[in-house]
Amino acid sequence: MSAEYKNVVQKRHILHGGFFNKTLRGWQALRTEITPQNLMYPVFIIEADNEVQSIPSMPGVCRYGINKLKEHLDGLVKNGLTSIMAFGVAESLHKDERGSNADSPQNPVVRALPHLRRWFPELTIACDVCLCPYTSHGHCGILGQNGSIDNSKSIKRIAEISLAYAKAGAQIVAPSDMLDGRIGSIKSLLIENNLQNSVAVLSYSCKFASNFYGPFRDAAKSSPASGDRKCYQLPPGSGGLALRAAARDIDEGADFLMVKPIMANMDVLKQVTEKYPEYPMFVYQVSGEYAMILAAAEKGVFDLKDALMEILGSYRRAGADVIITYYTPLILDWIRLKHKL
Ligand code: PBG
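Cut-offs used in this document
Residues numbered from 1 in each chain as written. Predicted model: local features only at pLDDT ≥ 70, side-chain atom pairs only at ≥ 80, totals over all residues. Heavy atoms only, no water. 1 Å grid on protein atoms, 1.4 Å probe; cavity = no way out; pocket = protein on both sides within 12 Å on 5 of 7 lines; lining within 4 Å. Points joined across faces, edges and corners; volume = space filled by probe spheres on them. Helix = DSSP H or I, 4+ residues; strand = E, 2+ residues; numbered from the N terminus. Buried < 20%, exposed > 50% of the residue type's maximum accessible area, 1.4 Å probe, protein only. Near = heavy atom within 4 Å. Polar contact = N/O pair within 3.5 Å; in protein donor to acceptor, adjacent residues only side chain to side chain. Areas by Shrake-Rupley, 256 points an atom, 1.4 Å probe, with all protein chains shown as cover. Sits in = over half its atoms within 2 Å of the grid points. Nonpolar A, V, L, I, M, F, W, Y, C, P; charged D, E, K, R; others polar. UniProt positions renumbered as here; feature names shortened; annotations may be inferred. Contact = heavy atoms within 4.5 Å.

### Here's the deal with empty space enclosed by the protein
Tallied over the full model, the rule gives 1 cavity of 30 Å³ or more. Within this model, the largest cavity holds a volume of roughly 250 Å³. Considering the residues around the largest cavity, the lining is formed by 25 residues, among which Phe87, Asp128, Cys132, Ser176 and Phe216 are closest to the centre. Among the secondary structure elements, those contributing two or more residues to the lining of the largest cavity are β4 (83-88) and α7 (214-220).

Rendered as structure tokens:
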């Protein structure tokens with residue numbers, strides 16, 4: 001072997017991947033590609049069918065009445081949108097102790113589902129399942145005598161709500177409360193109603209109590225009236241509990257798992273995907289992350305598109321299959337332009 005060749009082999013120059021050819025460079029990053037299938041778009045649905053409301057803490061994101069949502073989604077579906085996550089917002093609907101309007105016929109999501117399924121037969125619809133937007137106290141479950149969550153009553157109620165969304169046309173129900181036993185409770189009720197093959201359960205399995213949910217609580221009008229959600233959401237930093245929560249939800253029959261918020265918890269994503277490679281992983285780029293990235297781009301810290309694609313690519317590299325992001329409409333546009341569709 002010539003001295004020169006030996007040098008090349010030993011130093012592994014090729015590992016730098018510094019080819020001039022675009023395709024060769026692209027092959028280094030294929031696992032971080034973002035296609036429309038990797039995106040789920042969260043939407044807020046209000047009671048007033050013909051209204052659009054902007055959300056000051058989330059510039060560019062709106063709450064939509066069903067007719068306006070149709071117009072908004074029309075363009076996105078043409079652009080490749082494959083799935084949405086629906087959140088109901090209660091404005092004039094009465095809020096009570098047990099969140100009766102979470103699954104009443106007046107609930108904006110219950111009302112919207114049959115229309116959305118008819119208008120967009122190819123669109124997959126997930127519904128966030130939670131009590132907090134519909135309870136008078138704003139907590140994610142039913143409170144007991146002592147003012148803390150009554151777990152068994154709450155998970156029974158959460159299963160009832162899931163069933164109502166499933167019957168109205170949801171293909172995925174996504175409980176975001178983090179209470180023990182809710183996945184099992186939902187799954188058994190779906191099985192009892194013979195819906196187990198048409199409706200999947202996406203668990204917010206690794207959901208941390210977080211500073212990054214602020215704008216969402218504005219958007220969904222779901223701030224707790226008093227106290228916080230720290231006793232049922234994971235304490236930030238508790239990697240062990242996050243893994244145990246994933247194991248708990250898998251054991252109860254979850255079809256998909258989630259890490260939320262993603263940016264501060266990518267280590268958990270990596271650990272969960274390594275431990276359970278057979279489960280598709282969802283990550284939620286939450287409202288505070290959306291607002292933070294947008295604010296930085298507006299300040300000229302970076303270019304929005306370049307920075308966002310770097311961030312999303314790193315989520316894919318760490319194991320994310322589907323990214324739930326308010327940036328979905330923009331990203332779909334960028335994908336279309338890139339492929340000149
Ligand atoms: C409801 C729920 C929240 C989010 C999704 N579902 C708020 C919370 O737990 O307080 C946050 C999403 C976001 O910030 O974008 N339980």
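### So, unusual backbone geometry
Residue proline 261 is reached from lysine 260 by a cis peptide bond, and omega for that bond is -10°. With respect to the secondary-structure elements, proline 261 resides in the loop between β9 (257-260) and α9 (266-275). One non-glycine residue, methionine 178, lies in the positive phi region at around 75°. Judged by its relative accessible area of 5%, methionine 178 is buried.

### Brief notes about the site of the ligand
The immediate surroundings of the ligand are formed by 18 residues, with Lys207, Arg217, Arg229, Ser287 and Tyr326 found nearest. Glutamine 233 is positioned such that a nitrogen or oxygen atom in its side chain is 2.9 Å from an oxygen atom of the ligand. Separating an oxygen atom of the ligand from a side-chain N or O atom of serine 287 is a distance of 2.7 Å. Within the complex, the protein chains bury 99% of what would otherwise be the 400 Å² of accessible surface of the ligand. Of the pockets mapped on this structure, the ligand occupies the largest cavity. Looking at side-chain class alone, the shell around the ligand contains 10 nonpolar, 3 polar and 5 charged residues.

### A few points about the UniProt feature "binding site: Zn(2+) 1" (unreviewed entry) in the chain
UniProt feature "binding site: Zn(2+) 1" (unreviewed entry): in the numbering of this structure it lies at Cys130, Cys132 and Cys140. Restricting the annotated residues to those that line the largest cavity leaves Cys130, Cys132 and Cys140. Classification of cysteine 130 as buried rests on a relative accessible area of 3%. With near-sequence residues (within four places) excluded, cysteine 130 lies in contact with Cys140, Ser176 and Asp177. Secondary-structure assignment places cysteine 132 in the loop between β5 (124-129) and α5 (151-168). Accessibility expressed as a relative area gives 8% for cysteine 132, which makes it buried. In this structure, cysteine 132 is in contact with Gly138, His139, Cys140, Ser222 and Arg229, ignoring residues within four places of it in sequence.

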